[in-house]
Amino acid sequence: MNKKIIFRIFLALAAYGVFVLLVVNFYDDSPANMQWEDREAYNRQFISKLRLGEFTFEQAIEKLGSPDITEAKQANDQNFQVLFYRTQHVKSDGITTQDECSYLVFVDNKLTEIAKADRYKGLDSVIKEYGIPLDELSEVSFPNSN
């Protein structure tokens, strides 16, 4: 084979390798940068792989980004947080509603429940399942990160 052809093949492979290296190191593929269709698909796929008790609130924020809707309460020194992530398109109105989401319930930062939002009965019902009377609840507010 001609030395020029071998050199050009080597040069093309080296350029391709540099391109791949740059993409892997510098492209930020976070959910916040995705189109809404891609983010829905990503959320559905990621949430379907979660295991109860093995996933934390911090990991959810890191891997899934900011939730579309959130709720939080504190009862008997336990923190209850619900994060809603959009997983199915219902209506093209530019607004994400609960019926377009799946929810993740965290108790003291550990994932305890996952379901589509149509099964969500409210945070007070979740807390009652833990045997905590509703009169012992206090609201928890979080600063807006946007």
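On a predicted model such as this, the values are computed, not experimentally measured, just so you know.

Novice: Pulling in residues and values, what's your account of the overall build of the chain?
Specialist: Along its length, the chain carries four helices and five strands. Listing every helix and strand of the chain by position from the N terminus yields α-α-α-β-β-β-β-α-β. Taken over 146 residues, the chain has a buried fraction of 29%. Residue pairs at least 24 apart in sequence account for 52% of intrachain contacts in the chain once pairs closer than 6 positions are excluded. Of the roughly 10200 Å² that the chain leaves accessible, carbon and sulfur atoms contribute 54%.

Novice: Please set out the pairing of strand β4 (residues 110-116) residue by residue, giving values where relevant.
Specialist: Sheet topology places strand β3 (residues 101-107) next to β4; six bridges connect them, and they run antiparallel. From the neighbouring strand, Tyr103 faces β4, where its bridge partner is Ala115. Connecting β3 to the next strand, β4, in antiparallel fashion are two residues, including Asp108 with a positive phi near 50°.

Novice: Help me get a handle on the packing of aromatic side chains, residues and values and all.
Specialist: Summed over the entire model, instances satisfying the criterion amount to seven aromatic pairs. Note on Phe84 and Tyr120: the rings are 5.0 Å apart at their centroids and 90° apart in plane angle, and the pair reads as edge-to-face. Of this pair, Phe84 sits in strand β2 (residues 78-86) while Tyr120 sits in the loop between β4 and α4 (123-129), and the two are 36 residues apart along the sequence. Taken together, the aromatic side chains of Tyr42, Phe46, Phe55, Phe57 and Phe106 make up a single cluster linked through ring pairs.

Novice: If you had to explain the pattern of salt bridges to someone new, which residues and values would you point to?
Specialist: Here the structure, examined in full by the defined rule, presents three salt bridges. Here Glu40 ties to Arg86 by a salt bridge, and the two come within 2.6 Å at their closest N and O atoms. Placement of Glu40 in helix α2 (residues 36-48) and of Arg86 in strand β2 is noted, with a sequence separation of 46 residues between them. Each member of the pair, Glu40 together with Arg86, is buried. For Asp124, the salt bridge identified is with Lys73, shortest N-O distance 2.5 Å. Taken together, the residues span a long stretch of sequence, with Asp124 in helix α4 and Lys73 in strand β1 (residues 69-75) at a distance of 51 residues. We classify Asp124 as partly exposed; its relative accessible area is 31%. A relative accessible area of 14% means that Lys73 is categorised as buried.

About the thresholds
Residues numbered from 1 in each chain as written. Predicted model: local features only at pLDDT ≥ 70, side-chain atom pairs only at ≥ 80, totals over all residues. Heavy atoms only, no water. Helix = DSSP H or I, 4+ residues; strand = E, 2+ residues; numbered from the N terminus. Buried < 20%, exposed > 50% of the residue type's maximum accessible area, 1.4 Å probe, protein only. Contact = heavy atoms within 4.5 Å. Areas by Shrake-Rupley, 256 points an atom, 1.4 Å probe, with all protein chains shown as cover. Pairing = 2+ DSSP bridges. Phe/Tyr/Trp six-rings, centres within 6.5 Å; stacked < 30°, edge-to-face > 60°. Salt bridge = Lys/Arg side-chain N within 4 Å of Asp/Glu carboxyl O.

What is shown is where atoms sit, not what they do.
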